[in-house]
Amino acid sequence: MTTIIHQSVVRRCRRGQFNSVFYSEAGSKRFFSNNALPSVVILPKPRLDYRAISESVVFKSHNALNRKFPLPVGALQSIAHSYAQQKEISSQLDAKRHARSILGDRIRTITDPVEKQVILTEAKALKAEVTQLEDKLAAIEETLLGLALHLPNDTHPEVPIGPEDAATILSTHGPPPTPPSVDRDHVTLGRVLGLFDFEAGALVTGSSWYYLRGAAAFLENALTNYAISIAQKHGFDFVMTPDVVRADIALRCGFQPRDHNSDSPASQMYHIANSHPELVLSGTAEIPLGGMFANRVFAENTLPAKVVGLGRSFRAEAGARGADTRGLYRVHQFSKVELFIVCEEDASAHYLEDIRQVQTEIFEGLGIPFRVLDMPTEELGASAYRKYDMEAWMPGRGTWGEISSTSNCTDYQARRLHIRYRRPTPSHLSTSCDSPPGHTQLTIPFAHTLNGTAAAIPRLIVALLENGVHFDIKGKPSGLNLPVTLKPFWLGTSSDLVRWV
């Protein structure tokens, strides 16, 4: 199908005058409604806070430095300079438009042809000046947006500064860790017990692809439904997400390449060739869940919105990290249950702890040793204001391995996806003397978003297998102890391989 986009309409969309418009094969346009299925939806451009950036250049610079986040040279100074230009040109443009309006009123009242012609000539000149200023303003706004999109989110003041080993351990859970042992290596155990087939995966697709067989396949299904059931108990609505998303939505969610040795963003995600608009395989259900709320204004007192999504995650960079790529620990495709919350701007700190409690309940029910970490600045993605990781002890690997994370993204994603909400505006607010000069409280502010992993299936299988394997009298793997919490979700028949504990 050939998509025809009228340039005049596109320009209006870029200016935020249309919330969402789609175009059909015939070139007709319709506004998105419950009765229309759009073929192409154009989101407004991200609305970033240039004023806040311009007023805190030093802070923003230190923030990016602490996060080891690469910024174009002079980007923050350029933003401050461009913002000053934007304000100046906007002021000039408003004045010119006002002058045009006055001239228009005068033209309608003038009867003398000579005087009317003089005013028409003046109006024509003003129109040219307005057009010139509009073009200049559009160019500056394009520059501003391009520079500001490079900035990561701010960072919570309690986040440790530094690399991964600077993380703070917040809590530990589960039984005492089993001593490290190569006999518990999940790759070897999976082959002996007939759970994995990496050779067939490599033949059919390539390195870091796999088949789950028998009890491992049933275990994926049980873990998925178990995690969803816990989330539902805590008020999360279940959603099945698409696994293919627009590249634009992924970028708006903050999925920028963090591999400094990579020459192309394609190293982070799988792109679908010849797709228009450009499509990618989703790296996490967080992306389609965030996109589900895009361009939406929530009514008063309707937040939080809490959803749990199930999707396939695709990671193109799986084979780039040495020993961590062995077996199921880092793969190109895996099932993942994701928690996502949209809340009011003053509530996100509370809901970060809420997600953490749900995750803790899920993993405590599996009976594995795990710990919760407050992750340091260099481990934060572009969108994260604060991030907790949960790591399980994996004795076959001889180390702790990440099984989950949860992030408070504040308004980073909401400003890019246009997720807002209405809040009551007391009548006294507009005349209050308590607000600082120049401060206005938005009645339709941007929401805050949070996300957290409820179950990254391959990592949980690694942890359960390496901690739960049992051996026969000859020391050979003979079966698997699994937590009884999974038994209600188990679809397999009874066998000597699985023992419920």
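Before reading further, recall that the structure is shown in the block above.
Note that the structure is a prediction, hence the values are computed from the model and not measured.

Some points on the overall build of the protein chain
Item 1. Helices and strands together make up the secondary structure of the protein chain, namely 13 helices and 20 strands.
Item 2. Once local pairs closer than 6 in sequence are excluded, the contacts in the protein chain between residues at least 24 apart make up 72%.
Item 3. Of the accessible surface of the protein chain, which amounts to about 25100 Å², a share of 52% is contributed by carbon and sulfur atoms.

Let's talk about the nonpolar core
Item 1. By size, the foremost hydrophobic cluster in this structure holds 62 residues, and its most contacted members are Phe 196, Leu 223 and Leu 366.
Item 2. Counting residues per element, this core draws most heavily on helix H8 (residues 215-233), which supplies 10 residues.
Item 3. The residues touching Leu 366, leaving out its near neighbours within four places in the chain, are Leu 223, Tyr 226, Leu 460, Leu 464, Pro 483, Thr 485 and Leu 486.

Things to note about a nonpolar patch on the surface
Item 1. On the surface, a nonpolar cluster with roughly 340 Å² of combined accessible area is contributed by Leu 203, Val 204 and Tyr 211.
Item 2. Structurally, Leu 203 can be placed in helix H7 (residues 198-204).

Looking at the environment of Glu 300
Item 1. Relative to the helices and strands, Glu 300 is located in the loop between strand E10 (296-298) and strand E11 (305-314).
Item 2. On the basis of relative accessible area, Glu 300 is assigned to the partly exposed category, the value being 43%.
Item 3. Note: C-alpha distance between Glu 300 and Arg 423 (123 residues apart in sequence) is 5.2 Å.
Item 4. Apart from residues lying up to four places away in sequence, Glu 300 is in contact with Arg 422, Arg 423 and Pro 424.

Notes on the packing of aromatic side chains
Item 1. For the structure shown, the criterion picks out nine aromatic pairs.
Item 2. Consider the rings of Phe 218 and Trp 490, whose centres lie 5.9 Å apart with planes at 50 degrees: the pair is tilted. Placement of the pair is Phe 218 in helix H8 and Trp 490 in the loop between strand E19 (477-482) and strand E20 (498-500), with a sequence separation of 272 residues.
Item 3. For the pair Phe 293 and Phe 340, a centre-to-centre distance of 6.1 Å together with 15 degrees between the ring planes defines the contact as stacked. One end of the pair, Phe 293, is in the loop between helix H10 (286-292) and E10; the other, Phe 340, is in strand E12 (residues 333-343), and 47 residues separate them in sequence.
Item 4. What makes Phe 293 buried here is its relative accessible area of 4%.

Description of the sheet that holds strand E15 (residues 399-408)
Item 1. Reading across the sheet, the eight strands line up as E3-E13-E14-E15-E17-E12-E11-E6 and stay open at both edges, with mixed pairing between neighbours. Strand pairing shows two members of the sheet lacking a second neighbour, strand E3 (168-173) and strand E6 (237-240), which therefore form its edges. In this sheet, neighbouring strand axes are inclined to one another by 25 degrees on average, regardless of whether the strands run parallel or antiparallel.
Item 2. Bridge analysis of strand E14 (residues 386-394) against E15 gives nine bridges, and the strand direction is antiparallel. Its bridge partner being in E15, Trp 393 is matched across the sheet by Trp 400.
Item 3. Lying on the sheet, H8 is in contact with E6, E11, E12 and strand E17 (448-456); it crosses E12 at an angle near 5 degrees.

Rules used in this analysis
- Residues numbered from 1 in each chain as written.
- Predicted model: local features only at pLDDT ≥ 70, side-chain atom pairs only at ≥ 80, totals over all residues.
- Heavy atoms only, no water.
- Helix = DSSP H or I, 4+ residues; strand = E, 2+ residues; numbered from the N terminus.
- Contact = heavy atoms within 4.5 Å.
- Areas by Shrake-Rupley, 256 points an atom, 1.4 Å probe, with all protein chains shown as cover.
- Core = buried A, V, L, I, M, F, W, Y, C linked by side-chain atoms within 4.5 Å.
- Buried < 20%, exposed > 50% of the residue type's maximum accessible area, 1.4 Å probe, protein only.
- Patch = residues over 30% accessible without salt bridge, like charges linked within 9 Å, V, L, I, M, F, W, Y side chains within 5 Å.
- Salt bridge = Lys/Arg side-chain N within 4 Å of Asp/Glu carboxyl O.
- Phe/Tyr/Trp six-rings, centres within 6.5 Å; stacked < 30°, edge-to-face > 60°.
- Pairing = 2+ DSSP bridges.
- Axes fitted to C-alpha atoms, helices over the stretch in contact; angles between N-to-C directions.

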